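Given next are the chains, with one letter for each unit.
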Amino acid sequence: MQDNEIISLFEIRDEHAIEALSDKYHPYCYKIAWNLLTNKEDSEECLNDTWFSVWSLIPPKKPSVLSHFCGRGNRKLRIEHPLGRITRNLSIDRLRKKYADRRPDVHMADVLGEMDQLSVTYTIEDQLAEKELLEIINDFLGKMNAEDRDIFVRRYWFFDSVAAIAKRHAVSVGSVKMNLYRSRKKLLKVLKKEGKHL
């Protein structure tokens, strides 16, 4: 079923909309949840919360697409709609609750540590509205070559492990770490520059 048909079902409050949404986007959203939660039950509950959130949002909102990222190959990768973001944010919330009294696993500690490098000296939430931030990140992603962009998105959107990314691109773990370090450094520079003009 096409996205516009699924959206139409949501608009008329047809409960088949949730089934159609799940049929089409379960693998996409499940990967996001699984890479954060690494637990089948938590991931499935997170997806149920995602479908309910979409039910609550449409209407009044009417997105043009349901997936979060669109575009393949050399075309720009753009952030279009929050379906993936909803899953990601719900997963992060669930993860925070799960690890409220203890340290997260090594994989998540690594990812969170890397992301801290972008926010230690620059608090994004305090200086950029979400729309402006999305435009900056879209522009940043659009200027990257396809491999660098895939590595960045796989790590910081899907939360793939460095080893999985290295295998995907047939490069060493060290090469992926260096690539991510350089990308973070470039993005931080862009964010700092943009923040000065707001």
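Parameters at a glance
- Counting restarts for each chain, with residues numbered from 1 along the sequence as it is written.
- Per-residue local features are limited, in this predicted model, to residues with pLDDT of at least 70; the limit for side-chain atom pairs, both in listing and counting, is 80 or more; totals at the level of whole chains, interfaces and linings are taken over all residues.
- Hydrogens and water molecules were not included; the side-chain quantities draw on all heavy atoms of the structure.
- Nine residue types can take part in a nonpolar core, namely buried Ala, Val, Leu, Ile, Met, Phe, Trp, Tyr and Cys, and a core is a set of them joined through side-chain atoms within 4.5 Å.
- Relative accessibility under 20% of the residue-type maximum defines a buried residue, over 50% an exposed one, and the middle range a partly exposed one, all with a 1.4 Å probe and only protein chains included.
- Strands are runs of DSSP state E lasting at least two residues, helices are runs of H or I lasting at least four, and both sets are numbered from the N terminus onward.
- The term salt bridge refers to a pairing of a side-chain nitrogen on Lys or Arg with a carboxyl oxygen on Asp or Glu at a separation within 4 Å.
- A contact between two residues is defined here by any heavy atoms of the two lying within 4.5 Å.
- For this analysis, a ring pair means two rings from Phe, Tyr or Trp (six-membered ring only for Trp) whose centres lie within 6.5 Å, classed as stacked if their planes differ by under 30 degrees, edge-to-face if by over 60, and tilted for the remaining angles.
- Polar contacts, as counted here, are pairs of nitrogen or oxygen atoms within 3.5 Å of one another; within protein the pair requires one atom able to donate a hydrogen and one able to accept it, and residues that are adjacent in sequence qualify only if both atoms are side-chain atoms.

## Focus on the nonpolar core
In globular proteins that are soluble, nonpolar side chains generally tend to be buried together. If you look at the biggest cluster of nonpolar residues, it comprises 38 residues, and the most contacted ones within it are F10, L21, Y25, L66 and L83. The set of elements that each furnish at least two residues to this core consists of α1 (3-11), α2 (16-37), α3 (40-57), α4 (83-98), α7 (130-143), α8 (146-156), α9 (162-169) and α10 (173-196). The element best represented in this core is α2, accounting for eight residues. With seven residues, the next largest nonpolar core counts L37, C46, L95 and F159 among its residues.

## Considering the pattern of salt bridges
Enumeration over the complete set of coordinates arrives at eight salt bridges. Notably, a salt bridge pairs D139 with K143, separated by 3.0 Å at the nearest N-O pair. A residue pair is termed a helical-turn pair when its members lie 3 or 4 positions apart in one helix, as D139 and K143 do in helix α7 at four residues. With a relative accessible area of 34%, D139 lands in the partly exposed category.

## Quick notes on the environment of D150
Looking at where D150 falls in the secondary structure, it is placed in helix α8. Separated by 15 residues in sequence, D150 and I165 place their C-alpha atoms 8.9 Å apart. Leaving out residues up to four positions away in the same chain, D150 has contacts with R168 and H169.

## Some details on the packing of aromatic side chains
All told, the structure shown has five aromatic pairs when counted by the stated rule. The interplanar angle of 65 degrees and the centroid separation of 5.7 Å between the aromatic rings of F140 and F152 together place this pair among those described as edge-to-face. Within this pair, whereas F140 is found in helix α7, its partner F152 is found in helix α8, the two being separated by 12 residues in sequence. Its relative accessible area of 9% is what places F140 among the buried residues. For the pair F152 and Y156, a centre-to-centre distance of 5.0 Å together with 65 degrees between the ring planes defines the contact as edge-to-face. Within this pair, F152 and its partner Y156 are both found in helix α8, separated by four residues, close to a single helical turn. Of the two residues, F152 and Y156, both sit in the buried class.

## Here's the deal with the side chain of D3
Note on placement: D3 falls in helix α1. According to the relative accessible area criterion, D3 is buried, its value standing at 10%. Only 2.7 Å separates the side chain of D3 from the side chain of Y25, close enough to count as a polar contact.

## Observations concerning α8
Judged by how many residues are buried, α8 sits mostly within the fold: eight of 11 residues are covered. Turning to α8, its buried residues are R149, D150, I151, F152, V153, R154, R155 and Y156. With a side-chain oxygen positioned 3.1 Å from the backbone nitrogen of E147, the residue opening α8 is N145.

## A word on unusual backbone geometry
Put simply, I58 and P59 share a cis peptide bond, and its omega is -20 degrees. You can see P59 is positioned in the loop between α3 and β1 (69-70). Across the junction of P59 and P60, the peptide omega takes the value 15 degrees, indicating a cis bond. When you line up the elements, P60 lands in the loop between α3 and β1. Phi angles above zero are rare outside glycine, and R13 is one such case at about 60 degrees. Along the chain, R13 turns up in the loop between α1 and α2.

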